[in-house]
Amino acid sequence: MSRNLQLVIVGVGGQGILTVSDILGTAAIEEGLKAVMSEVHGMAQRGGVVTTEMKIGDFESPLVAKGEADVILGFEPVETYRTLEKASPRTGIVTNTDPLVPPGVSLGQGAYPKVEKLIENMRNGGLKVIAVPALEIARSAGSTVAGNIVMLGAMVALENFVLAREAVEAALRKRIAPRWLDLNLKAFQMGYEAGKKQ
């Protein structure tokens, strides 16, 4: 089995995208794999789009070309949809179902699309989509702050994911502060189980 992976992680500032990217990079290195990564931050620290492109394995550049992503991990449904140019029918898409409504929409200057319709469109386009209610699961684990770790667990549950679950858990133990570790390990486990069910 090839241990190469081209991954795009996308969401909105403040959702923990960079933390998850850091954990994945740590896990790859622990497994003796090379990891390269690129980050694009939105205009605002919170509320702007954040994208990480990461390659694990035998790669030199972190940039993922159109149609070349093996996995898209979307922390926000519309941002997941906007990233589909990176996908192909072989791409595994793991998306949060909880929207972060932009301020303009909150002020009545637009409409947020129905999340169910976004997911239906992706599936009708031949894409394999794992839809995860990350905030609900994180709340059950103990705090909605761990939504990013729920999404990480769901992604690791993908068939043929290149990193072992145990390696990602070990990276969690290294990168998460001890006072938050139990919560995050529980969120990771619950996300993993949610991913396995789909």
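Calculation notes
Residues numbered from 1 in each chain as written. Predicted model: local features only at pLDDT ≥ 70, side-chain atom pairs only at ≥ 80, totals over all residues. Heavy atoms only, no water. Pairing = 2+ DSSP bridges. Helix = DSSP H or I, 4+ residues; strand = E, 2+ residues; numbered from the N terminus. Axes fitted to C-alpha atoms, helices over the stretch in contact; angles between N-to-C directions. Contact = heavy atoms within 4.5 Å. 1 Å grid on protein atoms, 1.4 Å probe; cavity = no way out; pocket = protein on both sides within 12 Å on 5 of 7 lines; lining within 4 Å. Points joined across faces, edges and corners; volume = space filled by probe spheres on them. Nonpolar A, V, L, I, M, F, W, Y, C, P; charged D, E, K, R; others polar. Expected span 1.5 Å × (residues − 1). Buried < 20%, exposed > 50% of the residue type's maximum accessible area, 1.4 Å probe, protein only. Core = buried A, V, L, I, M, F, W, Y, C linked by side-chain atoms within 4.5 Å. Polar contact = N/O pair within 3.5 Å; in protein donor to acceptor, adjacent residues only side chain to side chain.

Asks: I'd love a proper account of the sheet that holds strand 2 (residues 35–40), names of residues and values included.
Replies: Pairing within the open sheet is mixed, and its six strands lie in the order 2-3-1-4-5-6. Each edge of the sheet is formed by a strand with only one pairing partner; in this case those strands are strand 2 and strand 6 (128–132). For this sheet, the mean inter-axis angle between neighbouring strands, taken without regard to orientation, is 15°. With four bridges joining them, strand 1 (residues 5–12) and strand 4 (residues 71–74) adopt parallel strand pairing. In the sheet register, V8 faces strand 4, and the bridge partner there is I72. Helix 1 (residues 17–30) rests against strand 1, strand 2, strand 3 (49–56) and strand 4 of the sheet, and its axis sits at about 10° to strand 3.

Asks: Would you mind going over the layout of surface pockets in detail, with residue names and values included?
Replies: In this structure, the second largest pocket encloses a volume near 330 Å³. Lining the second largest pocket are 16 residues, with D70, V71, R90, E159 and N160 positioned closest to its centre. Among the residues making up the lining of the second largest pocket, the classes are represented as seven nonpolar, five polar and four charged.

Asks: Hey, could you go over helix 8 (residues 178–197) for me, with residue numbers and the actual values?
Replies: Residue pairs spaced three or four apart in an α-helix point in one direction, given the helix's 3.6 residues per turn. In this model, helix 8 (20 residues) spans 29 Å end to end at C-alpha, consistent with the 28 Å of a helix rising 1.5 Å per residue. If you check which residues of helix 8 are buried, you get L181, L183, N184, L185, A187, F188, G191, Y192, A194 and G195. On its buried face, helix 8 sits against strand 6, helix 5 (134–141), helix 6 (147–156) and helix 7 (165–175).

Asks: Let's hear about the nonpolar core: which residues, and what values?
Replies: Formed by 48 residues in total, the largest nonpolar core has its most connected members in L24, L152, M155 and L163. Setting aside anything within four residues of it in sequence, one finds L163 in contact with R3, L24, A27, A28, E31, L33, I56, V156 and V168. Membership of the second largest hydrophobic core comes to 16 residues, among which are V8, A69, A87 and M122.

Asks: An account of the environment of A134 is needed here, citing residue identities and associated values.
Replies: Structurally, A134 is set in helix 5. Residue class for A134 comes out buried when judged on its relative accessible area of 1%. Sequence spacing of A134 and M190 is 56 residues, and the spatial spacing of their C-alpha atoms is 9.6 Å. Filtering out sequence-adjacent residues up to four positions away, A134 remains in contact with N96, D98, G147, V150 and M151.

Asks: Can you break down the environment of D70 residue by residue, with the values?
Replies: Considering the arrangement of structural elements, one finds D70 in the loop between strand 3 and strand 4. By relative accessible area, which is 21% here, D70 ends up partly exposed. Considered as a pair, D70 and A171 are 101 residues apart in the sequence and their alpha carbons are 21 Å apart. A distance of 2.6 Å separates the side chain of D70 from the backbone nitrogen of Q6, its partner in a polar contact.

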